[in-house]
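Listed below, chain by chain, are the residues.
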Amino acid sequence: MDGTTGTSIPAGDVRLVGDLVVPADARGIVLFAHGSGSSRHSPRNRMVAEVLNRSGLATVLVDLLTPEEEALDDRTGELRFDIGLLTARLVGVVDWLATGEPAGRLPIGLFGASTGAAAALRAAAQRPDQVYAVVSRGGRPDLAGADLARVRAGTLLLVGGLDEEVLRLNDLALADLDAGARLRVVPGASHLFAEPGTLDQVAREAAEWFVGRLPG
């Protein structure tokens, strides 16, 4: 398994930093879109990425903000909810992956958490021929707005059973997604899936979803 840490990734007019892992004979690649105030170092997303790697999927965990933007966001919190900016950065990374330069021409999936899920869905709507599957963990798909109806990628919404408001918002968003989308509730889980075994379930279901929907 090849792991590349601190990879410089072009995304529009900036360069982002990401961690790329490519297992031997990878069947697809999953790009992670982190949530509010998080980064590529998120232990939850890294745990999910490791399960995907063991399932034969390459992963890219990328900081969608530059160091200067992260410093601003740490002070103000304004950029973590700038879905347009996060979407543009994700689309830039998707375009980079689609060139085949970093890992070969692998089918692309997106994994989004919190506000990152909205950006992932909007990116999928903008790149329907490149993004085949999306998984949202405790996400805010409602923030994708009108783009929800344009998403053609197979979409799985994973929400904790104790995360009542986010569950309500996901249920509303599901009605605007393609008929192939699914909402699955993880019993006994709160927003961060900190309860024993709940994040393991998220990782397993995400791996199954991507393996089943990224064309071999």
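Here, the structure is the one placed above.
Summary of the structure given here. Note that the coordinates shown come from a computational prediction; the quantities given were computed from them, not determined experimentally.

## Re the overall build of the protein
For the protein, the helix and strand inventory stands at six helices and eight strands. Listing the helices and strands of the protein from first to last along the sequence gives β-β-β-α-β-α-α-β-α-β-β-α-β-α. A compact globule built from 216 residues would reach a C-alpha radius of gyration of about 17 Å, and the protein, at 16 Å, matches this within 12%. Counting over 216 residues, the protein shows a buried share of 54%. Long-range contacts, defined here as pairs at least 24 residues apart, represent 67% of the contacts in the protein between residues at least 6 apart. Of the roughly 9,000 Å² of accessible surface on the protein, a fraction of 50% belongs to carbon and sulfur atoms.

## As for the packing of aromatic side chains
Following the criterion strictly, the structure yields one aromatic pair and no others. The interplanar angle of 35° and the centroid separation of 4.9 Å between the aromatic rings of Phe32 and Phe111 together place this pair among those described as tilted. Residue Phe32 is located in strand E3 (residues 28–33), and its partner Phe111 is located in strand E5 (residues 108–113); the two are separated by 79 residues in the primary sequence. Grouping residues by exposure puts Phe32 and Phe111 together as buried. Taking NZ or CZ as reference, Arg213 lies 3.4 Å from the ring centre of Trp209, over its face.

## Looking at the pairing of strand E8 (residues 182–186)
Of the pairings in the sheet, the one linking strand E7 (residues 154–160) to E8 comprises five bridges and is parallel in character. By the bridge assignment for E8, Gly160 is matched with Val186. Handedness of the crossover is the feature at issue here: the chain leaves E7, passes through helix H5 (residues 164–174), returns alongside E8, and the resulting connection is right-handed.

## Let's talk about the packing of helix H1 (residues 43–54) against helix H6 (residues 198–213)
For any two helices packed against each other, the geometry comes down to the angle between their axes and how far apart the axes lie. Two elements in contact, H1 and H6, have axes separated by 9 Å at closest approach and are oriented at 45°. Taken together, H1 and H6 sit at an angle that is classed as oblique. For H1 against H6, the interelement crossing comes out right-handed. Residues Arg44, Met47, Val48, Val51 and Leu52 of H1 form the contact with H6, whose own contacting residues are Leu199, Asp200, Val202, Ala203, Ala206, Ala207 and Phe210. Across the contact of H1 with H6, the residue classes tally to 10 nonpolar, no polar and two charged.

## Looking at the pattern of salt bridges
One pass over the structure, following the stated rule, counts 10 salt bridges. In this structure, the salt-bridge partner of Arg40 is Asp63, at a minimum N-O distance of 2.6 Å. Residue Arg40 is found in the loop between E3 and H1, and its partner Asp63 is found in the loop between strand E4 (57–62) and helix H2 (67–76); the two are separated by 23 residues along the sequence. In this structure, Arg89 and Glu69 form a salt bridge, with 2.9 Å as the shortest nitrogen-oxygen distance. In this pair, Arg89 is assigned in helix H3 (residues 83–98) and Glu69 in helix H2, connecting sequence segments 20 residues apart. A single burial state applies to Arg89 and to Glu69, both of which are buried. A single salt-bridge network, built from bridges that share partners, covers Asp19, Arg40, Arg46 and Asp63.

Reading the values: rules and limits
- Residues numbered from 1 in each chain as written.
- Predicted model: local features only at pLDDT ≥ 70, side-chain atom pairs only at ≥ 80, totals over all residues.
- Heavy atoms only, no water.
- Helix = DSSP H or I, 4+ residues; strand = E, 2+ residues; numbered from the N terminus.
- Rg over C-alpha atoms; globule rule 2.2 N^0.38 Å.
- Buried < 20%, exposed > 50% of the residue type's maximum accessible area, 1.4 Å probe, protein only.
- Contact = heavy atoms within 4.5 Å.
- Areas by Shrake-Rupley, 256 points an atom, 1.4 Å probe, with all protein chains shown as cover.
- Phe/Tyr/Trp six-rings, centres within 6.5 Å; stacked < 30°, edge-to-face > 60°.
- Lys NZ or Arg CZ within 6 Å of the ring centre and 35° of its normal.
- Pairing = 2+ DSSP bridges.
- Right-handed = clockwise from strand over helix to strand, strands pointing away.
- Axes fitted to C-alpha atoms, helices over the stretch in contact; angles between N-to-C directions.
- Parallel < 35°, antiparallel > 145°, perpendicular 65-115°, else oblique.
- Left-handed = near helix turned anticlockwise from the far one by under 90°.
- Nonpolar A, V, L, I, M, F, W, Y, C, P; charged D, E, K, R; others polar.
- Salt bridge = Lys/Arg side-chain N within 4 Å of Asp/Glu carboxyl O.

The quantities given are spatial measurements derived from coordinates; they are silent on function.
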